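# Analysis of the macromolecular model
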Amino acid sequence: MLSRIDNSPMGKITATLVVTNRVDQGLAERGIITVDEVRSLTLEHVLVDTGATTLCLPRDVIAQLGLTLLREVSVATATGISEARIFEDAKISLLGREGTFECLELPGGVEPLLGVFPLEALGIELDLQNQSLKLLPISPTSSYLRM
């Protein structure tokens, strides 16, 4: 799946990523639903936020994807501690790499955020000097993955 990086003004790094309901994808792989029934969205201008730990999606995006509620948690925000809901099985595709993650629900009208945990898991790091994202190596001679 294609991903595009947007270099926004004022030092912000944004990305275009595809978010798919991984449960739907599994059902399609087993022939229970058709590929056309897999819920997936392309999100543009997603802010890459090093202050966020995980993927954070607005309530309406979570509803469109049909993600399943996992649990409620307390989260630290700029305005203090508040309650949030965590949903599971959000598969993201970015820069040719894919992974399935939990996501925090954002209130309506708030733009999605991509935090550091998914970036790290996908082997993608911020290049602040060039205001871009860069892929870490994964090849027979060098890899960001460690055991």
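Residues numbered from 1 in each chain as written. Predicted model: local features only at pLDDT ≥ 70, side-chain atom pairs only at ≥ 80, totals over all residues. Heavy atoms only, no water.

### Comments concerning the overall build of the chain
Check the secondary structure of the chain and you find 3 helices and 10 strands. Along its sequence from the N terminus, the chain presents helices and strands in the succession β-β-α-β-β-α-β-β-β-β-α-β-β. Against the compact-globule benchmark of 15 Å for 147 residues, the chain has a radius of gyration of 16 Å, which places it among compact chains. In terms of principal-axis extent, the alpha carbons of the chain reach across some 45 × 45 × 30 Å. Buried residues in the chain amount to 40% of all 147 residues. Sequence separation of at least 24 residues holds for 57% of the intrachain contacts in the chain that already meet a minimum separation of 6. (Helix = DSSP H or I, 4+ residues; strand = E, 2+ residues; numbered from the N terminus. Rg over C-alpha atoms; globule rule 2.2 N^0.38 Å. Buried < 20%, exposed > 50% of the residue type's maximum accessible area, 1.4 Å probe, protein only. Contact = heavy atoms within 4.5 Å.)

### With respect to the pairing of strand β6 (residues 80-94)
For strand β2 (residues 13-21) and β6, the ladder comprises 4 bridges, and the chain directions are antiparallel. Residue pairing across strands places Thr20 opposite Lys91, the latter belonging to β6. One ladder, built from 9 bridges, connects strand β5 (residues 68-77) with β6; its direction is antiparallel. Across the sheet, the residue bridging to Val73 is Ala84, located in β6. Connecting β5 to the antiparallel partner β6 that follows it, the hairpin turn spans 2 residues. Looking at chain direction, β6 and strand β7 (residues 97-106) are connected through 7 bridges and run antiparallel. Within β7, the position partnered with Lys91 by the bridge is Thr100. Once β6 ends, the chain turns through 2 residues before running back antiparallel as β7, passing Leu95 with a positive phi of about 55 degrees. (Pairing = 2+ DSSP bridges.)

### A word on the nonpolar core
Among the nonpolar cores identified, the biggest contains 24 residues, and Val19, Leu57, Leu67, Ile92, Leu94, Cys103 and Leu114 are the most heavily contacted of them. Mapped onto this core, the elements with two or more residues apiece are β2, β3 (40-48), β4 (55-58), α2 (59-65), β6, β7 and α3 (116-122). In terms of nonpolar packing, the next biggest core, distinct from the first, is built from 9 residues, Cys56, Val73, Val75 and Leu106 among them. (Core = buried A, V, L, I, M, F, W, Y, C linked by side-chain atoms within 4.5 Å.)

### A few points about the pattern of salt bridges
Summed over all chains, the structure comprises 7 salt bridges. A salt bridge links Glu102 to Arg71; its shortest N-O distance comes to 3.5 Å. In this pair, Glu102 is assigned in strand β7 and Arg71 in strand β5, connecting sequence segments 31 residues apart. Within this structure, Arg59, Arg85 and Glu105 form a network of salt bridges that share partners. (Salt bridge = Lys/Arg side-chain N within 4 Å of Asp/Glu carboxyl O.)

### Some points on the environment of Pro118
Relative to the elements of secondary structure, Pro118 occurs in helix α3. Ignoring any residue separated from it by four or fewer positions in sequence, one finds Pro118 in contact with Thr53, Thr54, Leu55, Ile92 and Phe101.

### Describing helix α1 (residues 22-29)
Three or four residues apart is the spacing at which side chains of an α-helix point the same way, because the helix has 3.6 residues per turn. Buried within α1 are the following residues: Asp24, Gln25, Gly26 and Ala28. Each element contacted by the buried residues of α1 is listed here: β2, α2 and β6. One side-chain oxygen of the residue at the start of α1 lies 2.9 Å from the amide nitrogen of Val23, identifying that residue as Asn21. Immediately downstream of α1, the backbone of Gly31 shows phi near 80 degrees, a positive value. (Polar contact = N/O pair within 3.5 Å; in protein donor to acceptor, adjacent residues only side chain to side chain.)

Keep in mind these numbers describe shape, not what the thing actually does.
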